[in-house]
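Summary of the model geometry
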Amino acid sequence: NAGVTQTPKFQVLKTGQSMTLQCAQDMNHNSMYWYRQDPGMGLRLIYYSASEGTTDKGEVPNGYNVSRLNKREFSLRLESAAPSQTSVYFCASRKGGVRNTEAFFGQGTRLTVV
Amino acid sequence: GEDVEQSLFLSVREGDSSVINCTYTDSSSTYLYWYKQEPGAGLQLLTYIFSNMDMKQDQRLTVLLNKKDKHLSLRIADTQTGDSAIYFCAESGEDTDKLIFGTGTRLQVFP
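The following refers to the structure shown. What you see as residue numbers is a count from 1 along each chain, following the sequence as written. Chain A is the first chain written and ligand 1 is the first ligand written, with later ones labelled in order. Local features in this predicted model are restricted to residues whose pLDDT is 70 or higher, and side-chain atom pairs enter the listing and the counts only when it is 80 or higher, whereas totals over whole chains, interfaces and linings include all residues. Side-chain calculation: all heavy atoms of the structure are included, whereas hydrogens and water are not.

**With respect to the interface of chain A and chain B**
- Here, residues are in contact when the closest pair of their heavy atoms is within 4.5 Å. Counting residues at the interface gives 25 residues for chain A and 26 residues for chain B.
- Once two parts are put together, the accessible area they lose, assessed with a 1.4 Å probe and summed over both, is termed the buried area. Buried surface at the junction of chain A and chain B, both sides included, amounts to about 2,000 Å², of which 52% is carbon and sulfur.
- Criterion for a salt bridge: a side-chain nitrogen of Lys or Arg within 4 Å of a carboxyl oxygen of Asp or Glu. Joining chain A to chain B, the criterion identifies zero salt bridges.
- As used in this structure description, the phrase polar contact means that two N or O atoms lie within 3.5 Å; if the pair is within protein, one of them must be able to donate a hydrogen and the other to accept it, and residues adjacent in sequence are counted only when both atoms belong to side chains. Summed over the shared surface of chain A and chain B, the result is seven residue pairs in polar contact (both at pLDDT 80 or more).
- Only DSSP runs of H or I covering at least 4 residues are called helices, and only runs of E covering at least 2 are called strands; the numbering of each starts at the N terminus. Those elements that provide at least two residues to the side of chain A that touches chain B are strand E4 (31–38), strand E5 (42–49) and strand E9 (87–94) of chain A.
- Amino acids are sorted into nonpolar (Ala, Val, Leu, Ile, Met, Phe, Trp, Tyr, Cys and Pro), charged (Asp, Glu, Lys and Arg) and polar (every other residue, Gly among them). Of the residues contributing to the side of chain A that touches chain B, the split by class is ten nonpolar, ten polar and five charged.

**Things to note about the sheet that holds strand E1 (residues 4–7) of chain A**
Residue and element names in this part refer to chain A.
- The pairing criterion is simple: DSSP has to find at least two bridges between the two strands. With antiparallel pairing, four strands are arranged side by side in an open sheet as E1-E3-E8-E7. Both outer strands of the open sheet, E1 and strand E7 (65–68), are each paired with one neighbouring strand and no more. Within this sheet the neighbouring strands show an average axis-to-axis angle of 15 degrees, counted without direction. Convention adopted: a line fitted to C-alpha atoms gives each axis, helices being fitted over their contacting stretch, and angles between N-to-C directions are expressed from 0 to 180 degrees.

**Let's talk about the pairing of E7 of chain A**
Residues and elements named next belong to chain A.
- Only protein chains enter the area calculation, which uses a 1.4 Å probe; residues under 20% of their type maximum are buried, those over 50% are exposed, and those in between are partly exposed. Residues Val66 and Arg68 point to one face of E7 and are all buried, whereas Asn65 and Ser67, pointing to the other face, are not buried.
- For E7 and strand E8 (residues 74–78), the ladder comprises four bridges, and the chain directions are antiparallel. Within E8, the residue paired with Arg68 across the bridge is Phe74.
- From the end of E7 to the start of E8, which pair antiparallel, there are five residues.

**Some remarks on the environment of Gln85 of chain A**
Residue and element names in this part refer to chain A.
- Along the chain, Gln85 turns up in the loop between E8 and E9.
- Exposure remark for Gln85: the relative accessible area of 5% places this residue in the buried category.
- Apart from residues lying up to four places away in sequence, Gln85 is in contact with Arg36, Asn62, Gly63, Tyr64, Leu78, Ser80, Leu111 and Val113.

**With respect to the packing of aromatic side chains**
- Pairing of aromatic side chains here covers Phe, Tyr and the six-membered ring of Trp, requires ring centres within 6.5 Å, and sorts the geometry by plane angle: under 30 degrees stacked, over 60 edge-to-face, intermediate tilted. One pass over the full model with this rule turns up 14 aromatic pairs over all chains.
- A centroid spacing of 6.1 Å and a plane angle of 20 degrees characterise the contact between Tyr33 of chain A and Tyr35 of chain A, whose relative ring orientation is stacked.
- When its relative accessible area of 0% is taken as the criterion, Tyr35 of chain A is described as buried.
- Here the aromatic rings of Phe105 of chain A and Tyr35 of chain B are separated by 6.0 Å at their centres, their planes lie at 75 degrees, and the arrangement is edge-to-face. Of this pair, Phe105 of chain A sits in strand E10 (residues 104–105) while Tyr35 of chain B sits in strand E4 (residues 29–37), each in a different chain. Across this residue pair, the class does not change: Phe105 of chain A and Tyr35 of chain B are buried.
- Among the aromatic residues, those joined into a ring-pair cluster are Tyr33, Tyr35, Tyr48, Phe90 and Phe105 of chain A together with Tyr31, Tyr33, Tyr35, Tyr48, Phe50, Phe88 and Phe101 of chain B.
- The ring of Tyr48 of chain B is capped by Lys56 of chain B, whose NZ or CZ atom sits 4.1 Å from the centre of that ring. Our definition puts a charge over a ring when NZ of Lys or CZ of Arg is within 6 Å of the ring centre and also within 35 degrees of the ring normal.

**Quick look at the pattern of salt bridges**
Residue and element names in this part refer to chain A.
- In the structure shown here, the tally under the stated rule is six salt bridges over all chains.
- Here Asp38 and Arg44 are joined by a salt bridge, their closest N and O atoms 2.9 Å apart. This pair shows no difference in class: Asp38 is buried, exactly as Arg44 is.
- What you see here is one network of salt bridges that share partners, running through Arg36, Asp38 and Arg44.

Next comes the structure, spelled out in structure tokens:
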């Protein structure tokens, strides 16, 4: 089982460049999430999607857009990257509906904006 | 809004117990979780507790919940070097799929 797959694993961008982080899950989960992880800040929710066709802002949505392309895929786009967006990004999914279900995480994307 | 706080570091001797603490602000939190992150990896669920419980035990792990004080703790008995990792608490409410994580506690186990 692949679980949650994120691409790319590493990326270096110049300030002002754009890019899309891809995430796909093969567990037929309804809910998908994007987080960023920064030292001392923990894991902060950027956006989430409770089901195909819906997206909601999390704690730190500014500077990001998302697309829930279908049930499997949830992408995160940086339109104009800034050094403050240097971080490790994690995608996660869970079954949803029943609230106590486990979230499964991808391996992360380490993004550096110079 | 929701806020989940943890102390950043904990250092314990191998064989001792570790206690990792977490406080949260959202009184509507219904489910509280503990996740573990090993170096270079994503997070994995360790255990969870419903807000109508005050304790849950799972092998070496004991979770205590004080709902009045909005305080959650994770006790690891007989801590081993393999327990060295970052531990996150997380919360979600009954009426939302939003899942909020804390700042994480880095546990270091020394011989």
